[in-house]
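Residue-level structure breakdown
Next come the chains, spelled out residue by residue.
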Amino acid sequence: MPETKKTVSLALGSGGARGFAHIGVIEVLKREGFDIRSVSGSSAGALVGGIFCADRLEPFKQWAIGLNKLETFRLMDFTFSGQGVVKGQKVMETLRTLLGEISIEDFSQAYTAVAIDLRTREEIWLQKGDLFEVIRASSAIPSFVQPYKMDGRILVDGGVLNPLPIEPLLPLRTDLLIAVNINAEEPLIKDVDKSNIPKDDEEPDAYMSRMVSNMRSWLNLKKSPSEAQEMNLGYVGLLSRTFDFMQDRMCLQSIQIHRPDIVVNVPRSVSATLEFYRAQEIIDEGVHAAETAVREWRERQLIVHDGE
């Protein structure tokens, strides 16, 4: 435990199921004596950050750990709308039932969720109102979750333009700026599933049929969902990987521009975007990454002090 408690502004990145790593990161920061005064997040970062600010992180963690493949699938309220494969309301209502009504105005920490306005193409900072509505808007992954209408705006996932939202924290004065990048690169590419890559001579219909089969195997369900739902999921699986790579580059750029005091890097290979049933493993990865980052920061501080 450090002699003086450092106040922290915490930026939590987007990345689907990898967002569970934020739980482990926050646990380490609290255990190590850091005082988190402000939080900003996109998508999964907005979800975990908001629940932390609401002081509901432990029940949320236990619920997440209990998810399996079938329960994950059941949380996906499929729709045939051209705006997205999933409505995105079922999981929010499940969390509302689990955690109760939560208003951002009741938080003791400053909180910002980032979303993107499709009409104006602007980044929107959501800092008040019903937490679950705000999270729903910030996590509307294009082509997967339907956009969310709020205050006359059509909002989608904040990760589209800002997957690691540091900017909302800059006006707030704290001792340290910490960024959690859950799209970090890793030299190994063992996580790449080549079955998700179209073959050079493969017809589109054959590729989609193969993806349906892959998704059925992934879910390992006794009863398969409709062919249309499976086809959409296969398509989204490919989109999510592309989205991950795009976010990776934007996260690196944000880190290079703002130079946080501590960067917690969680490799993108930890999980795929939709592997919500692997919560415990992902949380453990967050713990490991945070412990490593904090230890390296303290070692740098010792070097600086010894050189004075």
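See the structure above.
Residues numbered from 1 in each chain as written. Predicted model: local features only at pLDDT ≥ 70, side-chain atom pairs only at ≥ 80, totals over all residues. Heavy atoms only, no water.

**Considering the packing of aromatic side chains**
Inspection of the entire model under this criterion finds six aromatic pairs. Measuring from ring centre to ring centre gives 5.2 Å for Phe73 and Phe78, while their planes differ by 50°; the resulting arrangement is tilted. The same class applies to Phe73 as to Phe78, namely buried. The rings of Phe20, Phe60, Trp63 and Phe276 are connected pair by pair, giving a single aromatic cluster. (Phe/Tyr/Trp six-rings, centres within 6.5 Å; stacked < 30°, edge-to-face > 60°. Buried < 20%, exposed > 50% of the residue type's maximum accessible area, 1.4 Å probe, protein only.)

**Some details on the packing of helix α1 (residues 21-31) against helix α2 (residues 44-53)**
Viewed as axis vectors pointing N to C, α1 and α2 meet at an angle of 40°, and their least axial separation amounts to 10 Å. Here α2 runs oblique to α1, going by the angle between their axes. Seen from above, α1 lies across α2 with right-handed handedness. Contact with α1, carried on its side by His22, Ile23, Ile26 and Lys30, involves Ala44, Gly45, Val48 and Phe52 of α2 and no other residues of that element. Of the residues contributing to the contact of α1 with α2, the split by class is five nonpolar, two polar and one charged. (Axes fitted to C-alpha atoms, helices over the stretch in contact; angles between N-to-C directions. Helix = DSSP H or I, 4+ residues; strand = E, 2+ residues; numbered from the N terminus. Parallel < 35°, antiparallel > 145°, perpendicular 65-115°, else oblique. Left-handed = near helix turned anticlockwise from the far one by under 90°. Contact = heavy atoms within 4.5 Å. Nonpolar A, V, L, I, M, F, W, Y, C, P; charged D, E, K, R; others polar.)

**Concerning helix α5 (residues 89-99)**
Among the residues of α5, those classed as buried are Met92, Leu95, Arg96 and Leu99. Buried residues along α5 cover an arc of 105° about the axis, so they all sit on one side. Contacts from the buried residues of α5 go to α2, α3 (57-65) and α6 (131-138). (Arc of directions from axis to C-beta.)

**Structural notes on the side chain of Arg278**
Among the secondary structure elements, Arg278 is positioned in the loop between β8 (262-267) and α9 (279-306). When its relative accessible area of 19% is taken as the criterion, Arg278 is described as buried. In terms of polar contacts, Arg278 uses its side chain to reach the backbone carbonyl oxygen of Val270, at 3.0 Å. Of note is the side chain of Arg278, whose polar atom sits 2.8 Å from the side chain of Glu275. Ignoring any residue separated from it by four or fewer positions in sequence, one finds Arg278 in contact with Val270 and Ser271. (Polar contact = N/O pair within 3.5 Å; in protein donor to acceptor, adjacent residues only side chain to side chain.)

**Overview of the side chain of Gln109**
Along the chain, the position of Gln109 falls in the loop between α5 and β3 (110-117). When its relative accessible area of 16% is taken as the criterion, Gln109 is described as buried. At 3.2 Å, the side chain of Gln109 forms a polar contact with the side chain of Ser108. Non-local contacts of Gln109, meaning those with residues more than four positions away in its chain, are made with Ile36, Arg37, Ser38, Phe52 and Cys53.

**Some remarks on the nonpolar core**
Core analysis: the largest hydrophobic core is formed by 63 residues, its most contacted members being Leu10, Phe60, Tyr111, Leu126 and Val264. Top contributing element to this core by residue count: α9, with nine residues. Setting aside residues up to four positions removed in sequence, Phe60 forms contacts with Phe20, Ile23, Leu47, Val48, Ile51, Leu95, Leu98 and Leu99. Within the second largest apolar cluster, twelve residues are counted, among which are Val86, Ile116, Ile141 and Val145. (Core = buried A, V, L, I, M, F, W, Y, C linked by side-chain atoms within 4.5 Å.)

**A word on the pattern of salt bridges**
When charged atoms on two side chains of opposite charge get close, those side chains can pair. Summed over all chains, the structure comprises 13 salt bridges. For Arg153, the salt bridge is made with Glu122, and the minimal N-O distance between the two is 3.9 Å. Here Arg153 is found in strand β6 (residues 153-157), whereas its partner Glu122 is found in strand β4 (residues 122-126), with 31 residues between them in sequence. The partly exposed category is assigned to Arg153, whose relative accessible area is 29%. Here Arg249 and Glu185 are joined by a salt bridge, their closest N and O atoms 2.7 Å apart. In this pair, Arg249 is assigned in helix α8 (residues 227-258) and Glu185 in the loop between β7 (176-184) and α7 (204-219), connecting sequence segments 64 residues apart. According to the relative accessible area criterion, Glu185 is partly exposed, its value standing at 48%. (Salt bridge = Lys/Arg side-chain N within 4 Å of Asp/Glu carboxyl O.)

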